[in-house]
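Observations on chain architecture
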Amino acid sequence: MAELTVPTLILLGLFGLAGGVGITAVGPGGVLPTIGLFALTGLSPAEVAGTAIVTHVATGALATAAYTRSGHLREPETRRTALILAAAAVVGTPLGVLINTGVSERIFGLVLGIFVALVAALVCYREWRRPAGTRAHTPAPLIACLGFAVAVAAGIVGIGGPMLTVPLLVALGVPVLESLASAQAQSIVIAGAGTIGYLATGSINWPLAALVGIPELAGVLLGWKIARALPARGLKYGLVITLLALAPYLALHGA
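Residues numbered from 1 in each chain as written. Predicted model: local features only at pLDDT ≥ 70, side-chain atom pairs only at ≥ 80, totals over all residues. Heavy atoms only, no water.

Bringing helix α8 (residues 176–200) into the picture now. Helix length check: α8, at 25 residues, gives a terminal C-alpha distance of 36 Å against a target of 36 Å (1.5 Å per residue), a fit within 8%. At the exit of α8 stands Gly-202, carrying a positive phi of roughly 65 degrees. (Helix = DSSP H or I, 4+ residues; strand = E, 2+ residues; numbered from the N terminus. Expected span 1.5 Å × (residues − 1).)

All told, the structure shown has 1 aromatic pair when counted by the stated rule. Between Phe-38 and Phe-108, the aromatic rings sit 5.3 Å apart at their centres with planes inclined by 55 degrees, giving tilted as the arrangement. Here the residue Phe-38 occupies a position in helix α2 (residues 31–40), and Phe-108 occupies one in helix α5 (residues 105–128), the gap between them amounting to 70 residues. Among the residues examined, Phe-38 registers a relative accessible area of 2% and is labelled buried. Owing to a relative accessible area of 1%, Phe-108 belongs among the buried residues under this scheme. (Phe/Tyr/Trp six-rings, centres within 6.5 Å; stacked < 30°, edge-to-face > 60°. Buried < 20%, exposed > 50% of the residue type's maximum accessible area, 1.4 Å probe, protein only.)

Following both chains from N to C, one finds helix α1 (residues 6–25) and α2 inclined at 160 degrees, their axes separated by 7 Å at the closest point. Relative to α2, the element α1 lies roughly antiparallel. Here α1 runs over α2; the crossing is right-handed. Counting all contacts with α1, which are made through Thr-8, Leu-11, Leu-12, Phe-15, Gly-16, Ala-18 and Gly-19, the residues of α2 involved are Leu-32, Pro-33, Ile-35, Gly-36, Leu-37 and Leu-40. Its residues assigned to classes, the contact of α1 with α2 comprises 9 nonpolar, 4 polar and no charged. (Axes fitted to C-alpha atoms, helices over the stretch in contact; angles between N-to-C directions. Parallel < 35°, antiparallel > 145°, perpendicular 65-115°, else oblique. Left-handed = near helix turned anticlockwise from the far one by under 90°. Contact = heavy atoms within 4.5 Å. Nonpolar A, V, L, I, M, F, W, Y, C, P; charged D, E, K, R; others polar.)

Take Gly-19: it is sitting in helix α1. For Gly-19 and Met-163, which are 144 residues apart along the polypeptide, the C-alpha to C-alpha distance reads 9.9 Å. When sequence neighbours within four positions are dropped, the list of residues in contact with Gly-19 reads Gly-29, Gly-30, Leu-32, Pro-33 and Glu-216.

As structure tokens, this is what we get:
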């Protein structure tokens, strides 16, 4: 980290904090550490993904504990969804890590920019299409396919599972808090499998992982409180605006 300036280090910490808040408050916050590492450092695509994904081990565990304490992960339907997502992640994440090894910086930036724009669109859709108070029983094969696709994407760019899982589950009619809770459990598996994969190739920058990950943990607790206590519409719209502003920059960053 010696070549990074103090303002850059502070910005990376803030990306981690904001990412943690987004993870538990609205779901799609796990992309922010990846964005910060890609935009502000000279890390390779594998190092960006590996360093970002290792931070989600602790945040996923903490968020899972928080939603277990609040009772959401004790509900049978939520546990079922979480287990299916986690099982799919065991298969999908290593595939994503493998794909990353053949991705150039230009392609990585383009893929990340597309993911960011997609997430912004999903958050908008979720806000526009508010689910009813009751939910239909989502078929297990559909949840498994969703979990596999998200895990592959997470393995490629080092994002947290809730970034895509939460908006997609909500689009299927799953209540927001249940979606958030089950996605946190999936995130532990994605982060664990991804960390093992990137550790094997020496693609994790541990000092930067700590710099981003510690504020991210604080953000997870703050976001959990926001999700339970406050209407998060303003936070959602702020996240959408930020993601849409960053998407073109990320897509062109490696060009």
